[in-house]
Amino acid sequence: MKFLQQLNINNTNQGVSTGTHWIESKGNLIESYSPVDGKLIGSVVSTDITSYQKVMATATKAFEEWRMIPAPKRGEIVRQIGDALREQKEPLGQLVSYEMGKSLQEGLGEVQEMIDICDFAVGLSRQLYGLTMHSERPLHRMYEQWHPLGVVGIISAFNFPVAVWAWNAALAWVCGNVCIWKPSEKTPLCGIAVQNIVAEVFKKNNVPEGVNCLVQGAREVGEWMSNDTNIPLMSATGSTRMGKALSVAVAARLGKTILELGGNNAIIISKDADLDMALVGAVFGAVGTAGQRCTTTRRLIIHEDVYEVFKQKLVNAYKQIKIGNPLDATNHVGPLIDKDAVAMYLNAIEQGKQQGANFIVEGKLVDGFESGCYVQPCIAEASNEMQIVQHETFAPILYLMKYKTIDEAIAMQNGAPQGLSSSMFTLNMREAELFLSHKGSDCGIANINIGTSGAEIGGAFGGEKETGGGRESGSDAWKAYMRRQTNTLNWGSTLPLAQGIKFDF
Ligand code: UN1
């Protein structure tokens, strides 16, 4: 395949890297099959403990040098990475689409998010500001500085195989950290491709070996990272189950985490909504990326006055959804990531039925595709309390429910263990403001007249409750990648103590 050559993926000994060199490892081969056509795309070498230790030692050493390079100079290197990504947008977008199964448009969109965060990080590299305070003591100066943490561990999920790494790495680097990245074992080649792109830029700039490390593997490798006291910050994206285990391991050594875990995102559709806009938001939110975004719309909470009308519109729209090869731009929905995901989808439908959900668009495996991973996006009328509705199934299953009062709708929207994204469609400004107030949505993201997915990189991304509480990408999310130091400097000739304490001798 042409894009594999363009991305310099050659299948030999690639897997573990300290930046510009591939490191030998005796780990297993991870084979990557495309969910698009079921074909083997390539394989990578997973990390064994010896290569892991080598990577860690190289990263730790690289930090000593990298942190001494002025932040705007580090930003300049990130700027060049953004440019390299612009050049490789097409082949990288194709690989994302082929290895993960999302539409080509979305694959390209994901690379665009990487480019955008590089631009953001370049500006940030000149704005890592700390505050100054007025000391209560004369001739004293008090201020705070932000220092880099060291080695940052990044674990990313299959559904955004490259963008979420970039949100973390671009910020971590300008902040003066070095990174070790473990991509999902379901999308290992995306990791290789990105590693190759960054390596070219790093070589050109003589960046010390170890600033950008790649490890590959499943749970075990993630556990080595979580337990490793050489990694002060672990940033992990994935399931709540994974996040809870990782969090316990990192907390046990009092390390820091940024967790971006499951979502169970709802859209409230008011009787005062522009229903046509709401329809686009709901359909894209529910079926985009085949329901495999953490921001996917999983619940629609619809006012009883517009419930039937909206339901009809939705069912009609679902009839027009084209399922098929995601590299063909005329298709809306591609495959799920693998057969395990299909089994989970089918199981959720079964459980939904047992719990009383009424499927108005039936879910099923779509026949005729080699990979066996294509499924029908489906819709069920359900109630918020059902166990299956409370659970995040990473597939295109949408639950509809009815409400009477706005307070009831907000309580339903908040009545889920997860707290990532939320939205309301309404033209009533009182309802809108209530939803955005502290009495409103309890999620990390709350939108009006926009769906739950498709956040821009400029805002802080993440959520509350079982979503893990971390924030990545924009706003001041960078602060989580640094340690704050408060400095008080006495330039007088006496030593007055704080709080008026006297200590004479
Ligand atoms: C994710 O699914 O982990 O907001 C990230 C969105 C994308 C990112 C999703 N920008 O839908």
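Calculation rules
- Residues numbered from 1 in each chain as written.
- Predicted model: local features only at pLDDT ≥ 70, side-chain atom pairs only at ≥ 80, totals over all residues.
- Heavy atoms only, no water.
- Pairing = 2+ DSSP bridges.
- Helix = DSSP H or I, 4+ residues; strand = E, 2+ residues; numbered from the N terminus.
- Axes fitted to C-alpha atoms, helices over the stretch in contact; angles between N-to-C directions.
- Near = heavy atom within 4 Å.
- Polar contact = N/O pair within 3.5 Å; in protein donor to acceptor, adjacent residues only side chain to side chain.
- Nonpolar A, V, L, I, M, F, W, Y, C, P; charged D, E, K, R; others polar.
- Domains from an automatic or database assignment.
- Buried < 20%, exposed > 50% of the residue type's maximum accessible area, 1.4 Å probe, protein only.
- Right-handed = clockwise from strand over helix to strand, strands pointing away.
- Contact = heavy atoms within 4.5 Å.
- Buried area = accessible area lost by both parts, 1.4 Å probe.
- Salt bridge = Lys/Arg side-chain N within 4 Å of Asp/Glu carboxyl O.
- Parallel < 35°, antiparallel > 145°, perpendicular 65-115°, else oblique.
- Left-handed = near helix turned anticlockwise from the far one by under 90°.

1. Re the sheet that holds strand 12 (residues 265-269)
Now for step 1: The seven strands lie next to each other as 14-15-16-13-12-18-19, forming an open sheet whose pairing is mixed. Single-partner strands in this sheet number two, and they are strand 14 (358-361) and strand 19 (445-448). The sheet shows a mean angle of 25 degrees between the axes of neighbouring strands, direction not considered.
Now for step 2: As judged from the four bridges shared by strand 15 (residues 378-381) and strand 16 (residues 397-403), these two strands associate in the parallel manner. Bridge pairing links glutamate 381 to leucine 400 in strand 16.

2. Looking at the site of the ligand
Now for step 1: In the vicinity of the ligand, the contacting residues are Glu113, Asn159, Phe160, Trp167, Glu260, Arg293, Cys294, Thr295, Ser453, Gly454, Ala455 and Phe461.
Now for step 2: Taking arginine 293, its side chain carries an N or O atom lying 2.9 Å from an oxygen atom of the ligand.
Now for step 3: Between alanine 455 and the ligand, the recorded distance is 2.7 Å, taken from a backbone N or O atom to an oxygen atom.
Now for step 4: Of the residues that constitute the shell around the ligand, the class distribution is five nonpolar, four polar and three charged.
Now for step 5: Each of domain 1 (2-261 + 468-485) and domain 2 (265-448) contributes no fewer than three residues to the shell around the ligand.

3. Details of the pairing of strand 10 (residues 233-237)
Now for step 1: Here strand 10 lies mainly inside the structure; five of its five residues are buried.
Now for step 2: Burial of the side chains of strand 10 extends over both faces: Leu233, Ser235 and Thr237 are buried on one face and Met234 and Ala236 on the other.
Now for step 3: As paired strands, strand 7 (residues 151-155) and strand 10 are joined by four bridges and run parallel to one another. Directly across from valine 152, in strand 10, lies its bridge partner leucine 233.
Now for step 4: Sheet topology note: the strand 10/strand 11 (residues 256-260) ladder contains five bridges and is parallel. Opposite serine 235, over in strand 11, you have isoleucine 258 as the bridge partner.
Now for step 5: On the question of chirality, the crossover connecting strand 10 to the parallel strand 11 by way of helix 9 (residues 240-252) is right-handed.

4. Structural notes on the domain arrangement of the protein
Now for step 1: We note that the domain assignment places domain 1 (2-261 + 468-485) and domain 2 (265-448) within the protein.
Now for step 2: A separation of 31 Å is found between the C-alpha centroids of domain 1 and domain 2.
Now for step 3: Contact with domain 1, which involves 23 residues of that partner, is made by 21 residues of domain 2.
Now for step 4: Here domain 1 meets domain 2 over a buried area of about 1700 Å², counting both sides, of which 62% is carbon and sulfur.
Now for step 5: Together, Pro35, Val36 and Glu106 form the three largest contributors to the area buried by domain 1 at its contact with domain 2, with a combined 28%.
Now for step 6: Our enumeration of links across domain 1 and domain 2 arrives at two salt bridges.
Now for step 7: Between lysine 186 and aspartate 338 there is a salt bridge, with the nearest N and O atoms lying 3.3 Å from each other.
Now for step 8: There are seven residue pairs in polar contact (both at pLDDT 80 or more) connecting domain 1 and domain 2.
Now for step 9: When residues of the side of domain 1 that touches domain 2 are traced back to their parent elements, those giving at least two are helix 4 (89-100) and helix 5 (104-124).
Now for step 10: The leading source of residues in the side of domain 1 that touches domain 2 is helix 4, at five residues.

5. A few points about the packing of helix 4 against helix 7 (residues 188-204)
Now for step 1: The interhelical angle for the contact between helix 4 and helix 7, taken along N-to-C directions, is 165 degrees, at an axis separation of 9 Å. With respect to their mutual orientation, helix 4 and helix 7 come out roughly antiparallel. Our pair here, helix 4 against helix 7, has a crossing hand that is left-handed. Facing helix 4, whose interface residues are Leu92, Leu95, Val96 and Glu99, helix 7 presents Pro188, Leu189, Cys190, Ala193, Val194 and Ile197.
Now for step 2: Looking at the contact of helix 4 with helix 7 residue by residue, the class counts come to nine nonpolar, no polar and one charged.

6. Quick notes on the sheet that holds strand 5 (residues 132-133)
Now for step 1: As summarised here, the arrangement of the three strands in space is 5-6-23, forming an open sheet in which the pairing is antiparallel. Of all strands in the sheet, those with a lone pairing partner are strand 5 and strand 23 (482-490), marking the two edges.
Now for step 2: As judged from the two bridges shared by strand 5 and strand 6 (residues 140-148), these two strands associate in the antiparallel manner. Within the sheet, the bridge partner assigned to threonine 132 lies in strand 6 and is tyrosine 143.

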